[in-house]
Amino acid sequence: WLKSYGQSDQMGLSGGHPDNSPYFYEENGKMGLKKNSRKHITPAIYDTLIWLNNDSYVGKRFSANKQHTLWGLLSNNGSIILPFQFYTCEVEESYLILGTAENNRLRKGVYNFSGNQVISNRYENIKIYEGHIIARTGTTNNVFTSEGTKLREYQADSINLLNQNYITIFQDGEAGLESID
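Residues numbered from 1 in each chain as written. Predicted model: local features only at pLDDT ≥ 70, side-chain atom pairs only at ≥ 80, totals over all residues. Heavy atoms only, no water.

**So, the environment of L177**
For L177, the position within the fold is in strand β17 (residues 174–179). Given a relative accessible area of 56%, L177 falls into the exposed group. Separated by 11 residues in sequence, L177 and Y166 place their C-alpha atoms 6.8 Å apart. Sequence-distant contacts of L177, defined by excluding residues within four places in its chain, comprise L162, Y166, I167 and T168. (Helix = DSSP H or I, 4+ residues; strand = E, 2+ residues; numbered from the N terminus. Buried < 20%, exposed > 50% of the residue type's maximum accessible area, 1.4 Å probe, protein only. Contact = heavy atoms within 4.5 Å.)

As structure tokens, then:
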């Protein structure tokens, strides 16, 4: 029942869908949530619904105001946790990387599955690796903890976490290794 589009292609039902959570249903090519065969929790208005955990789903639906499909976060009872205002959505580890439009540029931020913002929507690119978040704008690369505490800032073309303690820094065709601590 998972319908994917664009960056959501890598998302899916990880570990199966629990019996006590709502189920997906489809009507007229759209998806909704239902508790059982008779009780619908949401109308079938979503282009995509993805189960995240027992409490939340990420969904995509068309916005008449924006004339675009937008992503948002729903609870298992169908209430909206994060409004449908995000242009992109990626699921990494137990986080959502959501993109908003600002001055015709996509800006990404990080949210947990409860809808709490971990990193603000001001970065061009975000990667999550073993409990660390790397957020980049231009040549400024920031490393954050999974709670959003900034650990370090690097001026480089790009950086990658080698493991939880070391980072590889790429600048002007050269690479270096540095400890995060």
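Read on, since the account is not over.
**Observations concerning the nonpolar core**
Counting residues in each nonpolar core, the largest one holds 12 residues, listed as I50, L52, V58, W71, L73, L82, F86, C89, L96, L98, Y111 and F113. Secondary structure elements with two or more residues in this core: β3 (48–53), β5 (68–75), β6 (80–86) and β8 (95–102). Dropping the residues within four chain positions of it, F113 is found in contact with L52, N53, S56, L73, V91, E93, S94, Y95 and L96. (Core = buried A, V, L, I, M, F, W, Y, C linked by side-chain atoms within 4.5 Å.)

**Overview of the sheet that holds strand β13 (residues 140–145)**
Strand order in the open sheet formed by 4 strands is β11-β12-β13-β14, and the pairing between neighbours is antiparallel. Two strands lie at the open edges of the sheet, namely β11 (125–129) and β14 (150–155), each paired on one side alone. Across the sheet, the mean angle separating the axes of adjacent strands is 20° when strand polarity is ignored. In terms of strand pairing, β13 meets β14 through 5 bridges, oriented antiparallel. Directly across from T140, in β14, lies its bridge partner Q155. (Pairing = 2+ DSSP bridges. Axes fitted to C-alpha atoms, helices over the stretch in contact; angles between N-to-C directions.)

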